[in-house]
Amino acid sequence: MYHKKTQAMLKSEINTIRKQQDMEPETKVAATCIHDEPITNEDRLSLSPASRLFHSPQFNCYIVIVMGCQTGINPDVVKAGLKETLYHHPRFSSKLENKDIKGGKKRWIRVSVNEEDHVFVPNLDSNIDHPDQFVEDYISNLTTAPLDLSKPLWEVHLLNVKTSYAKAVAVFRLHHSMGDGASLMSLLLACTRKTSDPDALPTVPTRTRADSSSNSSWFWWFILAIWSGITLMWNTLVDMMLFITTLVFLQDTKTPIKGAPGVELTAKRFVHRTVSLDHIKQVKNAMGMTINDVVFGVTQAGLSQYLNRRYGQNEKDEGSKQKRSNLPKNIRLRANVLANLRPTVGIQALADMMAKKSKARWGNRFGYILIPFTIALQDGPLDYVRQAKVVIDRKKHSLEALCTYVIANVLIKIIGAKAAGAIAHRVISHSTLSFSNLVGPLEEISFYGHPINFMAPYVYGHPHALHMHFQSYVDKMTICLTIDPDVIPDPNKLLDDLEESLKLICDAVLDRGLTKEEVV
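Residues numbered from 1 in each chain as written. Predicted model: local features only at pLDDT ≥ 70, side-chain atom pairs only at ≥ 80, totals over all residues. Heavy atoms only, no water.

Going by an unreviewed UniProt entry, the protein chain carries the name O-acyltransferase WSD1-like and comes from Prunus mume. Within the UniProt record for the protein chain, the comment given under Sequence similarities (unreviewed entry) is "In the N-terminal section; belongs to the long-chain O-acyltransferase family." (UniProt positions renumbered as here; feature names shortened; annotations may be inferred.)

So, on to the packing of helix α6 (residues 218-248) against helix α12 (residues 417-429). Axis angle and axis distance: for two packed helices, these are the angle between their axes and the distance between the axes, and together they describe the pair. Orientation of α6 relative to α12, taken along the N-to-C sense of each, is 100 degrees, at an axis distance of 8 Å. Between α6 and α12, the angle falls in the class roughly perpendicular. Touching Phe 243, Thr 246, Leu 247 and Val 248 of α6 are Ile 423, Arg 426 and Val 427, all from α12. (Axes fitted to C-alpha atoms, helices over the stretch in contact; angles between N-to-C directions. Helix = DSSP H or I, 4+ residues; strand = E, 2+ residues; numbered from the N terminus. Parallel < 35°, antiparallel > 145°, perpendicular 65-115°, else oblique. Contact = heavy atoms within 4.5 Å.)

The next subject is the sheet that holds strand β12 (residues 433-438). What the 6 strands build is an open sheet, ordered β9-β16-β15-β12-β10-β11; its pairing is mixed. Looking along the sheet, the strands with just one partner apiece sit at the ends: β9 (269-276) and β11 (366-373). The mean angle between the axes of side-by-side strands here comes to 25 degrees, regardless of whether they run parallel or antiparallel. Examined bridge by bridge, strand β15 (residues 466-473) and strand β16 (residues 476-483) share 8 bridges and lie antiparallel to one another. Note on β16: the bridge partner recorded for Gln 471 is Thr 478. (Pairing = 2+ DSSP bridges.)

What follows is about the UniProt feature "transmembrane region" (unreviewed entry) in the protein chain. Per the UniProt record, "transmembrane region" (unreviewed entry) is found at residues 218-250. Structurally, residues 218-250 comprises 94% helix and 0% strand, and the distance from its first C-alpha atom to its last is 44 Å.

Looking at where Leu 327 falls in the secondary structure, it is placed in the loop between α8 (291-313) and β10 (333-340). By relative accessible area, which is 12% here, Leu 327 ends up buried. Sequence separation of Leu 327 and Leu 307 is 20 residues, and the distance between their C-alpha atoms is 7.1 Å. The residues contacting Leu 327, other than those within four sequence positions of it, are Ser 304, Leu 307, Asn 308, Tyr 311, Ile 375, Ala 376 and Leu 377. (Buried < 20%, exposed > 50% of the residue type's maximum accessible area, 1.4 Å probe, protein only.)

As structure tokens, then:
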């Protein structure tokens, strides 16, 4: 624990922010429509079904994005940049309309953005004790105060504190109803530029489809197409039956990382660890997999090691040799994954939206996928990634995400967002953790002239004690954990296990000199 003076400083800054958020409307600058024109129907947009879901009492979710800067942050420069970009985005310049209309459907209403409501620059001591812990506590304290619904649902905190991983930190907090994680991350990237070329937008890798053309006869192609359709329908049927049984009664095993009821309401902590993306690519290329396959395999291995240790701590030490495995048999542990169903919005399109006020597709459009993890101590490190590939390949050949999206929309329209939120809460709380993975830029970028060292996105407000996110940036991969400290008191140990698992898997590939042809 760091010095009491530092703790008092943290509490003082957080209280100041909360006071600003809780000011009476008459003491603030009046929120009016863009350009101070009368509000028209064009300035009102109905919330999408998913956005309404994120405002239900049991599913009030937020996104936090932490950017580590290589230099100190100039607040005036950042504020000027935000005025030219984010302030022009429809979601960042809209609030929820206070009154319900059309049977309880809320709408976004365009307003002017008051800088003091959204950009916070705490007055911090540059020689603060234990700066890493201070920043971690600062961000954690933000999770205890909801955003004010009478204003656009976002804020940014500029922390000029030198930590072990950055010279300064910018923290974005946004309500999940503003958009899905992929869209919001793309939007923030549209506010950045290449460090090597200040006028150029970042380059983000795009997914390419393998060439499916072959010299096979039309007959065999027809047979394969029929078989593919049959397996697609079968996989979808099985996945939806499991989804329904999860809603009704099927719960994951109670493990040391599974949160208790009400975990969505507790204060969360955010930790991260940066590993080499090149090591992940080495495994990917050698074993003919995708980065997602490797990431799931590494997660499966890291969770197995971490849980084995946690279960071992519960064993009484009687001087005998510790068992190799302390894990119970047949652990059911599943991750809830949000699959984005909307075509990815290009960074250029989002930059044009803010600069030229053009239109681009925006919002939340996703389905749920339940992915099982095999929790066990495998004979070899590569077994984890092989198992992960089998599971992911099967999930790719299923319409589970589309079906859950359609069902959620129908339920919201029939029974309302509150009841649908309760159903979604029940399904997610019956699984163990949330998982996501986003692709970042291929080159170093600057945030309004401030070179970025890393990006770490997090999510909180869902009924899980653990959310894992993998974010790539140039040649690095940042592992981001949102945790409930009462459930996972040692998150850095979990990060150690994930990092060590990647090292063992990569070493196994290099030691065996595997190539794609040898492992397929």
